[in-house]
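# Tertiary structure, described
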Amino acid sequence: MASDVEKKTMLPNMENRTLMARLGLPNWDSPEGRVWVNRLRDNVPFIAITLVILLFWFISGDRFMSVRNWTFIAQQTPVLLLLAFAQLLVVTTGSIDISVGSNLGFSAYMAALGMLWFGELGFIVGIFAAMLIGVLNGAIFSLFKISSFVTTLAMLIIVRAVLVIVSDGRSIYVSDQPMSNSNITSIEAKWLLDLGQFPQILYFTVLVAVLLWIVYEKTVFGQQLKALGGNEKVLRLTGISVNWFKIQVFAAAGFMVGLASFINLARSGAATVQAGEMLELDAIAAVALGGTVLTGGYGSVLKTVVGALTLTIVANGLTIAGVPPSWSRIARGLLLIIAIAISLNRKQIDVVK
Amino acid sequence: MKRFFHGVLGIMMLAPISFAEAVTPRKDLVFADLGQPQTNPWVINRHRFQECVARALNIEQILADDENSESKHVSQAESLVARQPDAMVFNPLTSPAGAQVARLLERNRIPGMTAGRVVVADYDKEYNGQFLIGQMGTNLDAWGAAMAQAAIDDGHRKIAMIWNPKDVITTQYIWAGAQRVIDKYPDAEVIMEGRDRLSRETGIKYAEQYVARFGEGEIDAIIVLGATAGLGAQFALEQAGRTDIDVITCDIDEQVAQNIRDGKLSFSIGGHWMGGGFAMIHLYDYLHGFPIEDTQPDFSLIPVNASNVDAYERQFLNGCVLTPNEIRNISRVYNPDADLAGFIENFSNTWND
Amino acid sequence: MNSPAKPILEVNSVSKAFGGVEALRDGSLKLSPGEVLAIVGANGAGKSTLIKIIAGVLTPDRGDISIKGKSIARQDHTVGFIRQMGVEVVYQDLAIVPNMTAPYNLFLGRVPRKFGIFVDEKKMQEKTREVLAELKVETVQSLKRPISEMSGGQQQSIAIGRAIAWGKEIVILDEPTAALGPNETQQVERVINEIRKRNTATILISHNLDQVFRLADRLVVVHQGNTSKEFMRNEVTIDELVKAITTG
Ligand SMILES: Nc1ncnc2c1ncn2[C@@H]1O[C@H](COP(=O)(O)OP(=O)(O)OP(=O)(O)O)[C@@H](O)[C@H]1O
Ligand SMILES: [Mg+2]
């Protein structure tokens, strides 16, 4: 009994500060503490991915940490990453695009059709199709003043339906040799299948990532993205034609979706009706895991890469570790909440909607 | 063109048998059809075969789909009922949704029949209404069992699978059949379960993860539900150079047939989409005053391997499986001696004779 | 009564209604180069509406404005066109983009480019240092951090700095010190006095009458959407002004 009381009276003395001091860390509310916390917050995506890799290495050993598996991870990340890039452009302006998954399915199919019609360079048709969807998104959203969520939700539904109509549910296959069976719609393009494999797929993605980084960090366009997410009204008052800019942003996002669909076509070797279903959610999750706030104004290409990679590694690692599928989903959901909870600076946020 | 040809042929063949009719066939019938969206090859096949039946029997069809949503399943059924069709064929998305559609049919006195999934497990014991005249089912257990048996017969013992999540109840029944067979062989085991929304892309992803997880000799085969994901898995294995792993799948389209012919796939099983057409014939007879004989016929799927793939492709993948004449021949309206129940039961054994 | 110089800005009987609310009725004023004109009035009197019309954000229902003796045609009545004519506004509550840097906010809408698409970061930083020095504003913060990390007075100085840098003819300040503390207000007032030296005309909207008397040459009272009265600063007392604001 007595010792119980003693313990209780001891508790108030064990303040946060002393605990931090004991760990050799500065008090989190002091100036140097705040710098430390901010630095931690900025680096959450990098810390998270390191921990995730170490964890799966520990659990699954060489099965996870093998050249073979990392080759697969390098193949599994690009489509998601390119979609996350599309999402990053839109999210930075404070909007959201949930039509990217449907758009991916649609434009991959259009790319395949383009190649059927016009030969190898016909894949451009897919890129244009994706940009067209982007332009439509942007135009409806900015001119009719319908929120981007609602606009792109409608587009998610419509574009998938258009894909079903255009394709009649039939797949178009990519093959590396002439097809003998005339009932199968297929295009012969070995180079495309090669592009879908390691290492070409990695080179391509790195190139896109570097170019996007330059656009995002160094150009007037990239700067305006963040400004639009920061305060749209001020931009309007300075005479910047915000509507036109929003259309450009969604078109640029559409272009990224076009690249993603092209890579998806290369990697999966076929354009199917279901391609990209639910991928919009993974794309948003990757952006969020990369520490980008969904309310706009801030963002990072590099951290989005880390976010997409983390998401892929976790899905891959959990399967290899033999975690049952439903538990694996719970783990992925929790990871998302924890990572974002740590990386958010709640003092900067007034209202959460 | 082929369809047109079949149609012409049908009209020409109609003449000699028409004097044998028991009753005057109605030519004004309108059937409603409710199912899932055309994002799956088998849904398209279902519609294709139903269209053949509709032509042979002079039925007009109104098609609707439920976008894979329970609530839309019911509301679409209501919209269809508002059009006052003579009968309805529906594939319940889930049993509860199906039960609601059945109640709707009873209230509006419209005869209906399920095709594919069921409303109640045992129609004669559990169903009290009169307008849901029967359930044209698929033998799900036998379906799964056939897939597993094919794997076992090929000498595979270490088996992984790629399936729907557990909340998709019907596919659980299929898996139960597979599991039952695997359990019969003490040396056979399911070494890993992957459950996800099934698409070509998820098929690829899981196959790659299994390849990373299991070295040569640690895995013999992957059983994949549905050809779309199955072809994805097989594509990934091919890309990874793992010819030691076999893919067993279900549904057969031109691409699956080609791969079976090429020896890339050893086995698939299909034809369950014929149920919709058979349900139409049941309802057609019922509307002409013939009571239903077997309220819960089960269609057994057709196993396909290298030995019969050419025949299957010839008969099932081009035009109509049955000629208009053959279709009318299993309706009692045209043929008083027709034995529809027997035909359905034996079709998987007799189709290739 | 007006200054003898040719007016740089004339507002001729402009009106603007929002739905049923007539925010502005026959508002008129003249502005001469180098002059500081204060617009005073109760809350909701129509002051901000008047300057939004001058800035091209709103088009008037009736009436028109002319700048440098040139009447602005209806199709030219846009922010872009009027900004090109050398008119800059610092809006009440809407002066800065908080997540962007001070240089970006200084160059808002006019970011200098390299090779057509790239931001000329170096030029922006140099110019920002120049402007801050000219306005005698001292900062410790890095110019690469978001401006929201600066003090309110520094943020407002950047916004005013932008107006001065490009508002060759007219600088309009809508309640520039409303949100600031005494020291910061002093800093901003000093900046306003710097403008006067450059022969640029200034319109100042303020509820702070002491401040108005400290800074303005002339005062226009807006009452219920009407530019009802006009005074030279040295011809009016504070009590007369208060009466004009409250009763028109
Ligand atoms: N966009 C708008 N839509 C509808 N009414 C408006 C709009 N802008 C202003 N008003 C109305 O017009 C009137 C004048 O508004 P204004 O903003 O010009 O007043 P103000 O003199 O600037 O007031 P304050 O001193 O509070 O800033 C007010 O009644 C206001 O509610
Ligand atoms: Mg105002």
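This one's a predicted model, so the numbers in the text were calculated from it and none came from an experiment. (Residues numbered from 1 in each chain as written. Chains lettered and ligands numbered in written order. Predicted model: local features only at pLDDT ≥ 70, side-chain atom pairs only at ≥ 80, totals over all residues. Heavy atoms only, no water.)

### Section: the packing of aromatic side chains
Residue and element names in this part refer to chain B. What counts here: Only Phe, Tyr and Trp rings take part, Trp by its six-membered ring, and two of them pair if their centres are within 6.5 Å. Stacked means planes under 30 degrees apart, edge-to-face means over 60, and tilted covers everything else. By definition, any uninterrupted DSSP run of H or I lasting at least four residues is a helix, any uninterrupted run of E lasting at least two residues is a strand, and each is numbered from the N terminus. Three labels apply to residues, based on accessible area from a 1.4 Å probe with only protein chains included: buried if under 20% of the type maximum, exposed if over 50%, partly exposed otherwise in between.
Counted by the stated rule, this structure contains 24 aromatic pairs over all chains. Considering the side-chain rings of phenylalanine 278 and phenylalanine 343, the 6.1 Å spacing of their centres and the 70 degrees angle between planes classify their relative orientation as edge-to-face. With phenylalanine 278 in helix H11 (residues 275-287) and phenylalanine 343 in helix H14 (residues 340-350), this residue pair connects regions lying 65 residues apart in the sequence. What makes phenylalanine 278 buried here is its relative accessible area of 0%. The structure contains a cluster of three or more aromatic residues connected by ring pairs, namely Phe49, Trp273, Phe278, Phe299, Tyr312, Phe316, Phe343, Phe347 and Trp351.

### Describing the interface of chain A and chain B
Rules: When checking whether two residues touch, look at their non-hydrogen atoms; a contact exists if any pair is within 4.5 Å. Summed over both partners, buried area is the accessible surface (1.4 Å probe) that two parts give up on being assembled. For salt bridges, the criterion is a side-chain nitrogen of Lys or Arg within 4 Å of an Asp or Glu carboxyl oxygen. The term polar contact refers here to a pair of N or O atoms within 3.5 Å; inside protein, the definition further demands a hydrogen-donor-capable atom paired with an acceptor-capable atom, and it admits residues adjacent in sequence only when both atoms are side-chain atoms. Gly counts as polar in this scheme, as do all residues outside two lists: the nonpolar Ala, Val, Leu, Ile, Met, Phe, Trp, Tyr, Cys and Pro, and the charged Asp, Glu, Lys and Arg.
On the side of chain B, 40 residues touch chain A, which itself brings 36 residues to the contact. The junction of chain A with chain B conceals about 3400 Å² of combined surface from both sides, 48% of it contributed by carbon and sulfur atoms. Where chain A touches chain B, the interface holds 4 salt bridges. As a salt-bridge pair, arginine 170 of chain A and glutamate 254 of chain B come within 3.8 Å of each other at their nearest N and O atoms. Along the contact surface separating chain A from chain B lie 13 residue pairs in polar contact (both at pLDDT 80 or more). Every element with two or more residues in the side of chain A that touches chain B is listed here: helix H5 (67-92), helix H13 (242-268), helix H15 (301-320) and helix H16 (325-343) of chain A. The greatest single-element share of the side of chain A that touches chain B, amounting to 5 residues, is contributed by H5 of chain A. Grouping the amino acids of the side of chain A that touches chain B by side-chain chemistry returns 13 nonpolar, 16 polar and 7 charged.

### Thoughts on the state of the cysteines
All names here are of chain B. We apply this condition: The criterion for a disulfide is a pair of cysteine sulfur atoms lying within 2.5 Å.
Within this structure, the stated rule accounts for 1 disulfide over all chains. Through a disulfide, cysteine 52 is tied to cysteine 320; the S-S separation comes to 1.9 Å. Taking the sign of the S-S torsion, about -90 degrees here, the bridge from cysteine 52 to cysteine 320 comes out left-handed. Placement of the pair is cysteine 52 in helix H2 (residues 41-57) and cysteine 320 in the loop between helix H12 (309-316) and helix H13 (324-329), with a sequence separation of 268 residues. Both residues of the pair, cysteine 52 and cysteine 320, belong to the buried class.

### A closer look at the coordination of the magnesium ion (ligand 2)
Residues and elements named next belong to chain C. Operational definition: Water is not among the atoms examined, so metal sites may look incomplete; donors are the N, O and S atoms within 2.8 Å of the metal, or within 3.2 Å for Na, K and Ca.
Distances from the magnesium ion (ligand 2) to its protein donors, namely Ser48 (OG) and Gln92 (OE1), fall within the range 1.9 to 2.5 Å. In this pair, serine 48 is assigned in helix H1 (residues 47-55) and glutamine 92 in the loop between strand E6 (87-90) and helix H3 (102-106), connecting sequence segments 44 residues apart. Look at glutamine 92 and you get partly exposed, because its relative accessible area is 28%.

### Some points on the side chain of glutamate 88 of chain C
Its place among the elements puts glutamate 88 of chain C in strand E6. Accessibility expressed as a relative area gives 3% for glutamate 88 of chain C, which makes it buried.

### A short note on the domain arrangement of chain B
Residue and element names in this part refer to chain B. Heads up, the condition is: For every domain, the bounds stem from an assignment made automatically or drawn from a database.
Domain annotation of chain B identifies domain 1 (2-139 + 271-352) and domain 2 (141-270). Spacing between the C-alpha centres of domain 1 and domain 2 amounts to 29 Å. Counting from both sides, the interface comprises 20 residues of domain 1 and, opposite them, 17 residues of domain 2. Of the roughly 1600 Å² buried between domain 1 and domain 2 on both sides combined, carbon and sulfur atoms contribute 60%. Sorting the residues of domain 1 by area buried against domain 2 places Asn139, Val304 and Leu317 first, and these three jointly supply 27% of that buried surface. In this assembly, domain 1 and domain 2 are joined by 2 salt bridges.

### So, the sheet that holds strand E11 (residues 298-299) of chain B
Whether parallel or antiparallel, the strands of a sheet pair through hydrogen bonds between backbone atoms. Residues and elements named next belong to chain B. Note the threshold: At least two DSSP bridges between two strands are required for those strands to pair. Fitting a line to C-alpha atoms yields each axis, with helices limited to the stretch in contact; the angle taken between N-to-C directions then spans 0 to 180 degrees.
Ordered in space as E2-E1-E3-E4-E5-E11, the 6 strands form an open sheet in which the pairing is parallel. The sheet is open, and its two edges are formed by strand E2 (60-65) and E11, each paired on a single side. Strand direction decides the pairing type here: strand E5 (residues 132-138) and E11, joined by 2 bridges, are parallel. Each bridged residue has a counterpart across the sheet, and for glycine 137 the counterpart in E11 is aspartate 298. Taken strand by strand, helix H4 (residues 95-108) contacts strand E3 (87-90), strand E4 (112-116) and E5, and its axis lies near 175 degrees from that of E3.

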